[in-house]
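If you want the building blocks of each chain, they are given just below.
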Amino acid sequence: MKLNDSLVERITSANQQHLLRYFDTLSEKEQSDFAAQLEEVDFAALPELVENYVLNRPRVAIPDDLGPAPYYPLTPRDEAQKKLYRDAVACGEELIRAGRVACLTVAGGQGTRLGFDGPKGTFPIGPVSGRPLFAYFAGGIRRTEKKYGVKIVWYLMTSRLNHEATVAFFKQNNYFGLDADQVFFFTQGTMPAIGYDGKLLMNAKNSLALSPDGHGGTLLALRKSGALDRMKRDGVDTISYFQVDNPLVPVVDPKFIGLHRLTGSQMSAVMLAKTNAMEKLGNFCVSRNRLQIIEYSDLPKELAEKTLPDGTLAFIAGSPAIHVIDRTFVETLTAGGKLQLPWHRADKKIPFIDQNGNPAAPESPNGVKLESFIFDALPLAEKTMVLECDRAEVFAPTKNPTGVDSVESCRAMLVDRDCRRLAAVGVEIGAGALVEIDPALAVDAADVADVVAERKISAIAPGEKVVIQ
């Protein structure tokens, strides 16, 4: 086949002619597939990306007016704030009941770091049942639907690597009790890897070396997949965003959603009080009246350790990547089919083919992968809001097999949460008991109280393993 003249011109203008070195040796299907892949590359923007992110290393500039971000505290400070929180819960419940809220989960990763072969969302995290991560969110959605008499669409972003396996897993599990048409799968975008010489790397004669474009790419993928159009048709204007490795997160939080709406925020965020100055959470900060997140590795030590007169950290607000986002804000950020977010550079060892077309596996970093981060949308919003939440109720990430933020710590936090809710309504919990409450039964303490009353649960024996479902 003959390549489109316009595509050849764009490739040439970007000084990437090496991409076509083997084109004439490919089969017709390989040529067609490779041409389609090349068409997805924004060659017009490539020279600027190469100059700013590859040939020159971008530096994180710390603004001279950087300060800690204000936030709504976990415990209201006064009567006015108590009333605001009550109003927020009522407002959030009204929005949910009216069908104006959808769930969005970023689930493009694999379980490799957990020693697990498959999409991360399929990992069996249930402390007793072994239910997978996806089942926690699906159960939460089902319970919320029953509470509010509404159907909630779940937008689930996969990657090219795990899309087919994820969809197959949902089919095998009958969508975990949801209707097939209310789970909207869409695939994360990719970015070509760039060698240190500014040339796009190829991992085969008919393929670029591609990598996911970061969780910020979720926003553009929503537009390209038609998800934003569906939300608009369905009357959804509020998106509850969370990541697949955190089964403790409420899939929809009425207070968070309501406060987002009452404050007029376009993008809101949950904050957790950091356990120490150097905890590996992004830091909520303000510069020139704009909310932003400075990564833990970029915040200067003197700022990270700065304290207030009472001894608490000044920059205490850490981000667990839980957001509420207006649909219209996403539409603005992705207008024209382009994402209005900056890129972040990651130096990587990237397998490639050399000048002779032979596969090469570098022993040290040989190029750059570019990612966008969703939190970079915060300073672009005209209005933002940050709400403090209780870590024990909303954040148990599953990133490692053992230790901090691990399978072990996540399961322990899930058990602790369920035991805490049971004990609060008088259930005696024996030492060493492992208790797991089906999320399709209960998403909050009030639900647990109802379950206990209905089933007349009075005690869990020491060492007993129980799944309440």
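Up top is the structure these notes are about.
Residues numbered from 1 in each chain as written. Predicted model: local features only at pLDDT ≥ 70, side-chain atom pairs only at ≥ 80, totals over all residues. Heavy atoms only, no water.

**Student:** Which parts of the structure should I look at to understand the overall build of the protein chain?
**Tutor:** Secondary structure assignment for the protein chain yields 14 helices and 24 strands. Taken over the C-alpha trace, the protein chain has a radius of gyration of 24 Å; the compact-globule value for 469 residues is 23 Å, and the two agree within 12%. Projecting the C-alpha coordinates of the protein chain onto the three principal axes gives extents of approximately 75 × 55 × 45 Å. Relative to its full complement of 469 residues, the protein chain shows a buried share of 52%. (Helix = DSSP H or I, 4+ residues; strand = E, 2+ residues; numbered from the N terminus. Rg over C-alpha atoms; globule rule 2.2 N^0.38 Å. Buried < 20%, exposed > 50% of the residue type's maximum accessible area, 1.4 Å probe, protein only.)

**Student:** In this structure, what is going on with helix 6 (residues 163-172)? I would like to understand it.
**Tutor:** Because each turn of an α-helix spans 3.6 residues, side chains separated by three or four positions end up pointing in the same direction. Listed as buried for helix 6 are Thr 166, Val 167, Phe 169 and Phe 170. Here the buried residues of helix 6 occupy an arc of 155° about the axis, which is enough to place them on one side. Summarising the geometry of helix 6, the exposed residues directed more than 90 degrees from the buried face are Glu 164, Lys 171 and Gln 172. Close packing links the buried residues of helix 6 with helix 5 (133-148), strand 3 (154-158) and strand 4 (183-187). A positive backbone phi angle near 50° is found at Asn 174, which sits one or two residues after helix 6. (Arc of directions from axis to C-beta. Contact = heavy atoms within 4.5 Å.)

**Student:** How should the sheet that holds strand 6 (residues 194-195) be read in this particular structure?
**Tutor:** Pairing between sheet strands relies on hydrogen bonds along the backbone, with the strands arranged either parallel or antiparallel. Strand order in this open sheet of 3 strands is 6-19-16, and the pairing throughout is antiparallel. Each edge of the open sheet is held by one strand with a lone partner, namely strand 6 and strand 16 (344-348). (Pairing = 2+ DSSP bridges.)

**Student:** Looking at this structure, I do not really get the pairing of strand 11 (residues 267-273). What am I missing?
**Tutor:** Look at any regular strand and the pattern is simple: side chains alternate between the two faces of the sheet. By the criterion of burial, strand 11 is predominantly enclosed, with 6 of the 7 residues buried. Two elements, strand 11 and strand 15 (residues 323-326), share 3 bridges in a ladder whose sense is antiparallel. Note on strand 15: the bridge partner recorded for Ala 269 is His 323. Pairing analysis gives 5 bridges linking strand 11 to strand 20 (residues 384-388), with the strands arranged parallel. In the strand pairing of strand 20, Val 270 is matched with Leu 387. With 2 bridges joining them, strand 11 and strand 14 (residues 317-319) adopt antiparallel strand pairing. The residue bridging Leu 272 from the neighbouring strand is Gly 318, located in strand 14.

**Student:** It is not clear to me how helix 8 (residues 227-234) should be interpreted in this structure. Could you clarify?
**Tutor:** Of the residues making up helix 8, those classed as buried are Ala 227, Leu 228, Arg 230 and Met 231. Down the axis of helix 8, the smallest arc covering the buried residues is 160°, so these residues share one side. Those residues of helix 8 that are exposed and aimed more than 90 degrees away from the buried face are Lys 232 and Arg 233. Against strand 3, strand 4, helix 7 (217-224), strand 10 (238-243) and helix 11 (327-333) lie the buried residues of helix 8.

**Student:** Please explain the environment of Gly 121 as it appears in this structure.
**Tutor:** Looking at the element boundaries, Gly 121 is found in the loop between strand 2 (101-106) and helix 5. When its relative accessible area of 2% is taken as the criterion, Gly 121 is described as buried. For the pair Gly 121 and Val 106, spaced 15 residues apart in sequence, the C-alpha separation works out to 9.6 Å. What Gly 121 contacts, discounting residues up to four positions off in sequence, is Pro 132, Leu 133, Phe 134 and Val 244.

**Student:** What's the story with the packing of helix 1 (residues 5-13) against helix 2 (residues 28-39) in this structure? I'm lost.
**Tutor:** Relative placement of two packed helices is described by the angle separating their axes and the distance separating the axes. One can describe the packing of helix 1 onto helix 2 by two numbers: an axis separation of 11 Å at closest approach and a directional angle of 60°. For the element pair helix 1 / helix 2, the angle class is oblique. Of the two possible hands of crossing, helix 1 and helix 2 adopt the one that is left-handed. Taking contact as the criterion, the partners of Leu 7, Arg 10 and Ile 11 in helix 1 are, on helix 2, Ala 35, Leu 38 and Glu 39. Here the residues of the contact of helix 1 with helix 2 sort into 4 nonpolar, no polar and 2 charged. (Axes fitted to C-alpha atoms, helices over the stretch in contact; angles between N-to-C directions. Parallel < 35°, antiparallel > 145°, perpendicular 65-115°, else oblique. Left-handed = near helix turned anticlockwise from the far one by under 90°. Nonpolar A, V, L, I, M, F, W, Y, C, P; charged D, E, K, R; others polar.)

**Student:** Can you walk me through the environment of Pro 247 in this structure?
**Tutor:** Its location among the elements puts Pro 247 in the loop between strand 10 and helix 9 (254-262). For Pro 247, a relative accessible area of 5% puts it in the buried group. Spatially, the C-alpha atoms of Pro 247 and Thr 398 are 8.4 Å apart, while their sequence positions differ by 151 residues. Discounting residues that sit within four places of it in the chain, Pro 247 has contacts with Ile 125, Leu 133, Tyr 136, Phe 137, Ala 396, Thr 398, Cys 410 and Leu 414.

**Student:** Help me understand the nonpolar core in this model?
**Tutor:** Soluble globular proteins tend to pack their nonpolar side chains together in the buried interior. Core analysis: the biggest nonpolar cluster contains 44 residues, and Cys 103, Phe 134, Trp 154 and Phe 170 have the highest contact counts within it. Of all hydrophobic cores here, the second largest spans 42 residues; its members include Tyr 155, Met 157, Ile 239 and Ile 374. (Core = buried A, V, L, I, M, F, W, Y, C linked by side-chain atoms within 4.5 Å.)

**Student:** Help me understand unusual backbone geometry, please; the structure alone is not making it clear to me.
**Tutor:** Most peptide bonds adopt trans geometry, and most residues besides glycine take a negative phi value. The phi torsion at Asn 15 lies on the positive side, around 60°, for a residue other than glycine. Mapped onto the fold, Asn 15 is located in the loop between helix 1 and helix 2. Positive phi values are uncommon outside glycine, yet Tyr 175 reaches one of about 55°. Structurally, the position occupied by Tyr 175 is in the loop between helix 6 and strand 4. What makes Tyr 175 buried here is its relative accessible area of 15%.

**Student:** Where do I start with the packing of helix 4 (residues 79-97) against helix 9 in this structure?
**Tutor:** Axis separation between helix 4 and helix 9 bottoms out at 6 Å; the angle between their running directions is 100°. Relative to helix 9, the element helix 4 is oriented roughly perpendicular. On helix 9, the residues touching Leu 84, Tyr 85, Asp 87, Ala 88, Val 89, Cys 91, Gly 92, Glu 93, Leu 95 and Ile 96 of helix 4 are Pro 254, Lys 255, Ile 257, Gly 258, Leu 259, Arg 261 and Leu 262.

The values are spatial; any link to function lies outside them.
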